[in-house]
Amino acid sequence: MYMKPATWHRIHFTSVNVTTTPVRLVGSDGRQAVVFVNSGDEIRLGHSGSIATQGIIIPADQGFTDNYSTDEWWAYAASGTGTV
């Protein structure tokens, strides 16, 4: 696996509250990686229109890293709220 240093390339964004309404977390822009950390209830993470059927379940206090695509990422909470 190719390891990319984050020095001078890291961009932080503010936390996003995730509810039962899908919310876009990241747009389809040029990047090398995006890291999501869920600090709330369980959420689903995926692409627009496919979250419910093909989305990835991210449990509370877990994370997910996308090192390969530059796709948009959306999230929603089936019940409760999450903070990503």
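Everything in this summary refers to the structure shown in the same document. (Residues numbered from 1 in each chain as written. Predicted model: local features only at pLDDT ≥ 70, side-chain atom pairs only at ≥ 80, totals over all residues. Heavy atoms only, no water.)

## Quick word on the nonpolar core
Rules: Only buried Ala, Val, Leu, Ile, Met, Phe, Trp, Tyr and Cys residues count toward a nonpolar core, and they belong to the same one when joined by side-chain atoms within 4.5 Å. Note on classification: 1.4 Å probe, protein chains only; a residue is buried when its accessible area is under 20% of the maximum for its type, exposed when over 50%, partly exposed between these limits. Labels follow the DSSP assignment, with helices taken as runs of H or I lasting at least four residues and strands as runs of E lasting at least two, numbered in each case from the N terminus. Working rule for contacts: check all heavy atoms of both residues, and any pair within 4.5 Å makes them a contact.
Grouped together as the largest cluster of nonpolar side chains are 13 residues, with contacts concentrated most on Val18, Leu25, Phe36, Ile43, Leu45, Ala75 and Val84. Those elements that provide at least two residues to this core are β2 (23-26), β3 (34-38), β4 (43-46) and β7 (73-76). Setting aside residues up to four positions removed in sequence, isoleucine 43 forms contacts with Val18, Asn38, Ile56, Ile57, Ile58, Ala75, Tyr76, Ala77, Gly82 and Val84.

## Re the sheet that holds β4
Put simply, the test is: Following DSSP output, two strands are said to pair if at least two bridges run between them. Here an angle of 0 to 180 degrees is reported between the N-to-C directions of two axes, which are lines fitted to C-alpha atoms, with helices fitted over the stretch in contact.
The sheet built from four strands is open, its strands ordered β2-β7-β4-β5 with antiparallel pairing. Looking at which strands have only one partner, the edges of the open sheet turn out to be β2 and β5 (56-58). Looking at each pair of strands side by side, their axes are set apart by 35° on average, direction ignored. Note: β4 against β7, three bridges, orientation antiparallel. When the bridges of β7 are listed, glycine 46 appears paired with tryptophan 74.

## What to know about the environment of arginine 44
Short version of the rule: Two N or O atoms count as a polar contact when they lie within 3.5 Å, although within protein this holds only if one can serve as hydrogen donor and the other as acceptor, and sequence-adjacent residues are included solely when both atoms are side-chain atoms.
Within the fold, arginine 44 resides in strand β4. Taking the relative accessible area as the measure of exposure, arginine 44 reaches 22% and is therefore partly exposed. Arginine 44 sits 12 residues away from isoleucine 56 along the chain, and the two C-alpha atoms are 5.4 Å apart. With residues near it in sequence (within four places) discarded, arginine 44 still touches Ile51, Ala52, Gly55, Ile56, Ile57, Trp74, Ala75 and Tyr76. Among the polar contacts listed, one links the side chain of arginine 44 to the backbone oxygen of glycine 55, at a separation of 2.9 Å.

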